[in-house]
Amino acid sequence: MRRFPWGLLGMVVLFLLLLASLVVMGDAAQNSDRFERLFLWLLAFHGLVLVVLGTLIIYQLSRLIVQNRDGVPGSRLTLRLVFGFMLVAVLPATVVYYFSFKFLNEGVDSWFDVRVDGALEDALELSRSSLDLRVRQLSRETQEIMRQLEDVSETLVPLALNDVRAQMNAQELTLVGANNRIIASSTDSPIRRLPSPPGADILLRMSPGQPFTRLEPQPDGSLVIRVVATGGDRRPGADSRILQGIYPVDPRMSALAVRVEDAFVDYREFAYLRGPIKQGFIFTMSLALAISLMAALWAGLLVARRLVRPVTDLAEGTRLVASGDYSTRLAVSRDDELGFLVRSFNAMTRTLSEARQEAERSRRLLDAERAYLESVLQHLRSGVLALDGSLRLRTANDAACQILECDLRAGHNRFPSEFDEDCPLVAQFFDAISDALTQREKEWSREVVVFARSGRKVLMTRAVWLPNPGNNRGLHAIVFDDMTEFLRAQRDAAWGEVARRLAHEIKNPLTPIQLSAERLSRRLGKTLEGADREMLDRATQTIVQQVEAMKTLVNAFRDYAQAPRLALVPLDLNGLLRDVCELYDGEGQPARVALDLAGRVPTIRADAGRLRQLIHNLIKNALEAVQGRPDGEVRVSTRSLEDDHGRRVELRVADNGPGIRQDFLERIFEPYTTDKPRGTGLGLAVAQKIVEEHGGIIECHNQPTGGAVFVIRIPVSHGGETGGVGEKHA
Amino acid sequence: MRGWIFGLLVLLLLAPSATMAAEIRHADHIWQDENRLLVRLYLDMSLPDVLTDALASGVVVNFRSEVRLDYARGFLGERTVKSASKAVRLEYYALSRHYVVTDLERQQMDFAPTVGDALEMLARRLGRVVLEVDRGALRPGLDYTLASRVQLDHTALPLPLQWDARLRGAYGTQLGWYRWSLE
């Protein structure tokens, strides 16, 4: 809601009041009565207004200066505007004041002219001279009258005076005797009036023999000439006499002389008042100037504040917007360009607020999508990697970390080459696919083989290059699966099928072959003698032995291909190991078998027969490895594990033999793989199959100190109790 | 110019005012009849130079003498029973080179060749004031006092001189009241 500009209204009213009072003051200065009644009140009013305005202005200016020093928004602009207004007001006012002052000084001075002054002096002197002539003439005539009256008795004097007065055209003739006694008097007035004898001041100034003369203005503006002459009564015993004559001046001469005198006096008075007149004008002008300047300054303050307020609000609003508060709305209090600016600001903040809400919604949606995608990625069994155009790692899911045995998320934004030491599989993996990545093949797939401590891993890898229009670096999306187990299972299945067919196809003819050979030996052995008999026996024996060997081979294949149904029971692994190892604790063994069993090993659910076969296979394999070595030793150890895969029991069978060749190590668990001249190549394949039947894993690697070690980890059955007592013996 | 204005303000506001000296040396009264009380003031008068110059330059100067008859009312102060005044004009007549003292009530004129003589005449004119009081109406037992003063009539001065008279109290003759008991 728009605020009513009370301040502006007050200022206008005050200014009008001051203007009116100045007009009244100027008028009063021309009128004595009004001056007497109003001047002091007006002066007091103006003084009060000046003091109040001055105080307000000083207060406002000091507050503005403090605000400017404290950096209050808008104060600097207000201060500049105020000083601008002040400059705009002061400069013209000063110029006008200066020229008015100069004009007033010179103008008032120009009213007076030396020539006029001289002319008036001359005119006055002329009037005086003219009147002096008349005065001297009347003086002589009065003295003559006085002499004529010296011989006239007091009785006749009144008649003589009347005659003389009429003759002289005098206004009054009075003859005074001793002690100011009026002897006789004559006047031209039809109304009888008392004669006025010469006053004491006249008598005191009279010189003996010299008449007293004086030109006297009258209340009606006319002039008279007073002449007082002394004389005596020449009769014996008579007193001295004084004759006073009052003669009117010729009306025309009187009028002229009075006009000259009036003009002269007016001019002299005006000249004398020149200074005070100027002072009065300058005082009024200065007062008007001071009031105008004060009012202008006050108006400047108000207008500047009104002008700057929207700017200040805008600055504050902008600061709030910059700090993130888009809810700021400014009050629109005017319809001018500043009002338009404020409305535009409000529209901008509204748009920003809506855009921010929209961006917030989009961000939340994006976060949800990202979380969803992250969740999907994390739950994928396939490893997923994303690399940017410069081959920096951007994304990796859990499966990728697991397959490549490396915490790839810790290496976010790193190059694959930077994983060399910590994560060898990562380095091998990226070495294998680096050519495709650097060439930015649009879509490709390949089988990548890496070698972990647990053995060879086959990773089926597919990748796609996503050139991002908004980002020239693009993105490599790589998906890979650990196909090792799948391939192994596939291979095992193939081998099982081969073994089953071999057992079926080979074993069937072996028995007739053996029986036929034995029959040949029995029938022909009776008929032959000597060397023929020996040859027959050797040949049939060879046939029988080879058939037996082939049966053994076929049985082995059958065992591998046709695994019996497991009879899982709670089993104490330590106890089973002790039972099995006792068989190897005796004379004639190529090396000693040492037991290093953990104290408390959890019970596992296992088929004791199959595990026994497994342990026999591993121990026999190890004994064969150390055969011929005087210090040969096979160490069987157990321990309990608890990691990300749960609780497991670990069985290690280690020897100190020559170890296993690296190329052979990679496929040591494949069927028909052996480095022994008489081995079937199925022992370790069967061992791996038994471990996998129990849900465990088997690994083989060479020890740093020499020799090979087979590590088997079998999960502990649910609710399995700890059993067995650990022991260590050789 | 700034210095000139400053000087003017100082002159206006701070300059000492030249005041007229008019002292009532003595005063008495006499009953002319039962209704007329003549008050006689014996004055010593002198004019400041500025006023003397003004007079010589043709400025007319008016004076006023006032007489008041009061009676005391205890803590309520005084109450005026009757008052009277006399106005006398003093001017310079250039044509005859005389100073003219005019009783403005009686239109009587006195002529003096010098300011001193004129002031004596002025003092004589101002010093005779008739108070028309019914002598019989005065209540016995009350403490009647006569008060008198002489002052320059500012309002009769030319307006430019009234600035000085008003702003600075120049030519002030605001003498205190001269009091004496009515016998």
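Residues numbered from 1 in each chain as written. Chains lettered and ligands numbered in written order. Predicted model: local features only at pLDDT ≥ 70, side-chain atom pairs only at ≥ 80, totals over all residues. Heavy atoms only, no water.

Check the secondary structure of chain A and you find 17 helices and 20 strands. Taken across its 730 residues, chain A has 39% of its residues classed as buried. For chain A, the accessible area works out to roughly 41,000 Å², and carbon and sulfur atoms hold 56% of it. (Helix = DSSP H or I, 4+ residues; strand = E, 2+ residues; numbered from the N terminus. Buried < 20%, exposed > 50% of the residue type's maximum accessible area, 1.4 Å probe, protein only. Areas by Shrake-Rupley, 256 points an atom, 1.4 Å probe, with all protein chains shown as cover.)

Attention now goes to the state of the cysteines. Residues and elements named next belong to chain A. Scanning the entire structure with this criterion turns up one disulfide over all chains. The residue that forms a disulfide with Cys 406 is Cys 423, at a sulfur-sulfur distance of 1.9 Å. Here the S-S torsion is close to 65°, and the disulfide linking Cys 406 with Cys 423 is therefore right-handed. Of this pair, Cys 406 sits in the loop between α10 (398-403) and α11 (424-438) while Cys 423 sits in the loop between α10 and α11, and the two are 17 residues apart along the sequence. Classification of Cys 406 as buried rests on a relative accessible area of 8%. The thiol of Cys 401 is unpaired, and the distance to the nearest cysteine sulfur, on Cys 406, comes to 7.0 Å. (Disulfide = S-S within 2.5 Å.)

All names here are of chain B. With respect to the helices, strands and loops of the structure, Asp 70 is situated in strand β3 (residues 61-72). At a separation of 2.9 Å, a polar atom in the side chain of Asp 70 contacts the side chain of Arg 68. In this structure Asp 70 touches Glu 78, Arg 79, Thr 80, Val 81, Asp 143, Tyr 144, Thr 145, Ala 147 and Arg 179, once residues within four positions along its chain are discounted. (Polar contact = N/O pair within 3.5 Å; in protein donor to acceptor, adjacent residues only side chain to side chain. Contact = heavy atoms within 4.5 Å.)

With that settled, the discussion passes to helix α14 (residues 573-582) of chain A. All names here are of chain A. Judged by how many residues are buried, α14 sits mostly within the fold: eight of 10 residues are covered. Residues Leu 573, Asn 574, Gly 575, Leu 576, Leu 577, Arg 578, Val 580 and Cys 581 constitute the buried set of α14. Backbone nitrogen of Asn 574 and a side-chain oxygen of the N-cap are separated by 3.2 Å at the start of α14; the cap is Asp 572.

Attention shifts here to the packing of helix α7 (residues 251-272) of chain A against helix α8 (residues 274-322) of chain A. Residues and elements named next belong to chain A. Interhelical geometry of α7 versus α8 gives an angle of 50° and a closest axis separation of 4 Å. When the axis of α7 is compared with that of α8, the two are oblique. In this structure, α7 contributes Phe 270, Ala 271 and Tyr 272 to the contact, and α8 contributes Arg 274, Gly 275, Pro 276 and Ile 277. Residue composition of the contact of α7 with α8, by class: five nonpolar, one polar and one charged. (Axes fitted to C-alpha atoms, helices over the stretch in contact; angles between N-to-C directions. Parallel < 35°, antiparallel > 145°, perpendicular 65-115°, else oblique. Nonpolar A, V, L, I, M, F, W, Y, C, P; charged D, E, K, R; others polar.)

Attention shifts here to the packing of helix α3 (residues 75-110) of chain A against α8 of chain A. Residue and element names in this part refer to chain A. At their nearest, the axes of α3 and α8 sit 8 Å apart, and the two run at 165° to each other. For the element pair α3 / α8, the angle class is roughly antiparallel. Considering only the axes of α3 and α8, their crossing is right-handed. Here the contact of α3 with α8 is composed, by residue class, of 25 nonpolar, five polar and four charged. (Left-handed = near helix turned anticlockwise from the far one by under 90°.)

Moving on to helix α12 (residues 484-527) of chain A. Residues and elements named next belong to chain A. Given a rise of 1.5 Å per residue, 44 residues ought to cover 64 Å, and the 61 Å separating the end C-alpha atoms of α12 matches this to within 8%. The largest bend in α12 amounts to roughly 25° and is located at Lys 507, with the proline Pro 509 lying one to four residues further along. Among the residues of α12, those classed as buried are Thr 484, Arg 488, Asp 492, Gly 496, Ala 499, Ala 503, Leu 510, Gln 514, Ala 517 and Gly 525. (Expected span 1.5 Å × (residues − 1). Bend = angle between axes of the 7 residues up to and from the residue.)

The subject of this paragraph is the nonpolar core. One finds Leu 611, Ile 619, Val 636 and Phe 710 of chain A to be the most contacted residues of the largest nonpolar core, which totals 50 residues. The element contributing the most residues to this core is helix α15 (residues 608-626) of chain A, with eight residues. Residues in contact with Val 636 of chain A, not counting those within four places in the same chain, are Leu 577, Cys 581, Val 593, Ala 594, Leu 595, Asp 596, Leu 597, Ile 619, Leu 651, Arg 652 and Val 653 of chain A. Formed by 47 residues, the second largest nonpolar core is a distinct cluster that contains Trp 31, Ala 54, Tyr 71 and Trp 180 of chain B. (Core = buried A, V, L, I, M, F, W, Y, C linked by side-chain atoms within 4.5 Å.)

Residue and element names in this part refer to chain A. Among the structural elements, Thr 349 can be located in helix α9 (residues 337-379). A residue is classified by how much of its surface remains accessible, and Thr 349, at 0% relative accessible area, is buried. Of note is the side chain of Thr 349, whose polar atom sits 2.8 Å from the backbone oxygen of Asn 346. Beyond its immediate sequence surroundings of up to four residues, Thr 349 is in contact with Val 321, Tyr 326, Thr 328 and Arg 329.

All names here are of chain A. There is a patch of like positive charges on the surface, built from Arg 519, Arg 522, Arg 523 and Lys 526. Here Arg 519 shows up in helix α12. For Arg 519, a relative accessible area of 44% corresponds to the partly exposed category. (Patch = residues over 30% accessible without salt bridge, like charges linked within 9 Å, V, L, I, M, F, W, Y side chains within 5 Å. Salt bridge = Lys/Arg side-chain N within 4 Å of Asp/Glu carboxyl O. Lys, Arg positive; Asp, Glu negative; His and termini not counted. Charge placed at Lys NZ, Arg CZ, Asp CG, Glu CD.)

Attention now moves to the packing of aromatic side chains. Residues and elements named next belong to chain A. For the structure on display, the rule yields eight aromatic pairs over all chains. Relative to Phe 480, the ring of Phe 429 has its centre 4.8 Å away and its plane inclined at 45°; by these criteria the two rings are tilted. A residue pair is termed long-range when its members are at least 10 positions apart, and Phe 429 in helix α11 and Phe 480 in strand β10 (residues 471-482) qualify at 51 residues. Neither Phe 429 nor Phe 480 differs from the other in exposure class; each is buried. Seen in terms of ring centroids, Phe 669 and Phe 710 are 6.1 Å apart; in terms of plane orientation they differ by 80°. Their pairing is edge-to-face. Separated by 41 residues along the polypeptide, Phe 669 in the loop between α16 (662-665) and α17 (683-693) and Phe 710 in strand β18 (residues 708-715) bring together distant segments of the chain. In this structure Phe 669 comes out as buried when scored by relative accessible area, which is 12%. Under the relative-accessibility criterion, Phe 710 is labelled buried at 3%. (Phe/Tyr/Trp six-rings, centres within 6.5 Å; stacked < 30°, edge-to-face > 60°.)

All names here are of chain A. Tracing the backbone through its elements, the reader meets Ile 604 in strand β14 (residues 604-606). By relative accessible area, which is 0% here, Ile 604 ends up buried. Sequence separation between Ile 604 and Arg 648 is 44 residues; the distance between their C-alpha atoms is 8.6 Å.

So, on to the environment of Gly 659 of chain A. Residues and elements named next belong to chain A. Assignment of secondary structure puts Gly 659 in the loop between β16 (646-655) and α16. Accessibility expressed as a relative area gives 27% for Gly 659, which makes it partly exposed. Separated by 48 residues in sequence, Gly 659 and Gly 707 place their C-alpha atoms 4.1 Å apart.

Turning our attention to the confidence of the model for chain A. Looking at chain A, the pLDDT average stands at 82 and 92% of residues meet or exceed 70. For residues 720-730 of chain A, every residue scores under 50 in pLDDT, and the model assigns this stretch 38 contacts once sequence neighbours within four places are set aside. (pLDDT = per-residue confidence, 0-100.)

Residue and element names in this part refer to chain B. Spatial ordering of the open sheet is given by β6-β5-β4-β3-β8-β9, a layout of six strands whose pairing is antiparallel. The open sheet has two edge strands, β6 (108-112) and β9 (178-181), and neither has a second partner. Going across the sheet, the axis of each strand differs from the next one's by a mean of 20°, ignoring polarity. (Pairing = 2+ DSSP bridges.)

A few words now on the pattern of salt bridges. Following the criterion strictly, the structure yields 40 salt bridges over all chains and no others. Of the charged contacts, one joins Arg 268 of chain A and Glu 121 of chain A as a salt bridge, the two residues approaching to 3.8 Å between their closest N and O atoms. Separated by 147 residues along the polypeptide, Arg 268 of chain A in helix α7 and Glu 121 of chain A in helix α4 (residues 114-149) bring together distant segments of the chain. Note that Arg 40 of chain B is salt-bridged to Asp 28 of chain B, the shortest N-O span being 3.0 Å. Here Asp 28 of chain B lies in strand β1 (residues 21-31) and Arg 40 of chain B lies in strand β2 (residues 36-46), a separation of 12 residues in the sequence. Residue Arg 40 of chain B is classed as partly exposed on the basis of its relative accessible area of 24%. For Asp 28 of chain B, a relative accessible area of 18% corresponds to the buried category.

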